[in-house]
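Here is what each chain is made of, one letter per residue.
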Amino acid sequence: MNYDFSDYQKRLKNIVKSKGLKYSSQREDILKALYNSEEHLTPEEIYSKAKIYNKNIGLATVYRALSFLESEGLVNSISFGTDAKKYELNRGHHHDHMICLGCGKIIEFYEEELEKLQENIAKKQGFKLITHEMNLYGLCADCEKSED
Ligand SMILES: [Zn+2]
Ligand SMILES: [Zn+2]
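Fair warning: this is a prediction, and the values are worked out from it, not measured in the lab.

A.B. asks: I'd like to hear about the overall build of the chain, residue by residue, with values.
C.D. replies: A tally of helices and strands in the chain yields 6 helices and 5 strands. For the chain, the succession of helices and strands along the chain, N to C, is α-α-α-α-β-β-β-β-α-β-α. For the chain, the spread of C-alpha atoms along the three principal axes comes to 45 × 45 × 30 Å. Expressed as a percentage of its 148 residues, the buried residues of the chain come to 33%.

This is the structure we're talking about:
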């Protein structure tokens, strides 16, 4: 499942229309910055990338747009540190994250057994699992090496 940027554009246009909001190209520029990056980005990093497409964009707009895009499921956030967040485009394939507390690196992983286990745990409680986030916090191999 790999989507073109035009698919995201269409989804964004439909969401904005269905909510009766005004279309803003800035939201699209932010989406494009995330689309063109393989990494998890802080709002500041997204801001500097979105500036390439629109030099008038402001950081406050980026923050607002990110929370809008996240609430509409186009974007996911990963918490790290106290209240810092990194964002990624929701590319439609689920994965979980390991977050390094030393350097902030984020490693993605997907473990079929773990996914099944979570579904079974939920099922035992009669709980219908819709989605989950799993974040493992620790030190990446590089940071652990430089500790000793
Ligand atoms: Zn690290
Ligand atoms: Zn990710």
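A.B. asks: Go over the coordination of the zinc ion (ligand 1), please, and point to the residues and values.
C.D. replies: The zinc ion (ligand 1) binds to the protein through Cys100 (SG), Cys103 (SG), Cys140 (SG) and Cys143 (SG); the donor distances cover 2.3 to 2.4 Å. Coordination of the zinc ion (ligand 1) draws on donor residues from a single chain, spaced C-x2-C-x36-C-x2-C in sequence. With a relative accessible area of 5%, Cys100 lands in the buried category.

A.B. asks: Run through the packing of helix H2 (residues 25-35) against helix H4 (residues 59-71), naming residues and quoting values.
C.D. replies: One way to put it is that H2 packs onto H4 with a least axis distance of 10 Å and a crossing angle of 75°. What the angle tells us is that H2 and H4 run roughly perpendicular. Residue-level contacts link Gln26, Arg27, Ile30, Leu31 and Leu34 of H2 to Thr61, Val62, Ala65, Leu66, Phe68 and Leu69 of H4.

A.B. asks: Provide a residue-level description of H4, including the pertinent values.
C.D. replies: In a regular helix each residue adds 1.5 Å, so 13 residues correspond to 18 Å; H4 covers 19 Å between its end C-alpha atoms and thus fits that length. Among the residues of H4, Val62, Ala65, Leu66, Phe68 and Leu69 are the ones counted as buried. On an axial view of H4, the arc spanned by its buried residues comes to 165°, and they lie on one face. In H4, those exposed residues whose orientation departs by more than 90 degrees from the buried face are Arg64 and Ser71.

A.B. asks: Pulling in residues and values, what's your account of the pattern of salt bridges?
C.D. replies: Per the stated rule, a full pass over the model turns up 4 salt bridges. The closest approach of N and O atoms between Glu70 and Lys85, which form a salt bridge, is 3.9 Å. A residue pair is termed long-range when its members are at least 10 positions apart, and Glu70 in helix H4 and Lys85 in strand S2 (residues 84-89) qualify at 15 residues. Residue Lys85 is classed as partly exposed on the basis of its relative accessible area of 32%.

A.B. asks: Lay out the pairing of S2 in plain terms, naming residues and giving numbers.
C.D. replies: Where strand S1 (residues 75-80) meets S2, 6 bridges bridge the pair, whose relative direction is antiparallel. If you follow Ile78 over to S2, its bridge partner there is Lys86. Turn length for the S1-S2 hairpin, with the two strands adjacent in sequence and antiparallel, is 3 residues, and the turn residue Gly81 shows positive phi of about 65°.

A.B. asks: Can you lay out the layout of surface pockets for me, pointing to particular residues and giving the numbers?
C.D. replies: The computed volume of the largest pocket comes to approximately 740 Å³. Considering the residues around the largest pocket, the lining is formed by 29 residues, among which Asn76, His93, His94, His95 and His132 are closest to the centre. Per-element accounting of the lining of the largest pocket gives the leading share, 4 residues, to S1. In the lining of the largest pocket, the residues fall into 7 nonpolar, 12 polar and 10 charged.

Conventions adopted
Residues numbered from 1 in each chain as written. Chains lettered and ligands numbered in written order. Predicted model: local features only at pLDDT ≥ 70, side-chain atom pairs only at ≥ 80, totals over all residues. Heavy atoms only, no water. Helix = DSSP H or I, 4+ residues; strand = E, 2+ residues; numbered from the N terminus. Buried < 20%, exposed > 50% of the residue type's maximum accessible area, 1.4 Å probe, protein only. Donors = N, O, S within 2.8 Å, 3.2 Å for Na, K, Ca; no water. Axes fitted to C-alpha atoms, helices over the stretch in contact; angles between N-to-C directions. Parallel < 35°, antiparallel > 145°, perpendicular 65-115°, else oblique. Contact = heavy atoms within 4.5 Å. Expected span 1.5 Å × (residues − 1). Arc of directions from axis to C-beta. Salt bridge = Lys/Arg side-chain N within 4 Å of Asp/Glu carboxyl O. Pairing = 2+ DSSP bridges. 1 Å grid on protein atoms, 1.4 Å probe; cavity = no way out; pocket = protein on both sides within 12 Å on 5 of 7 lines; lining within 4 Å. Points joined across faces, edges and corners; volume = space filled by probe spheres on them. Nonpolar A, V, L, I, M, F, W, Y, C, P; charged D, E, K, R; others polar.

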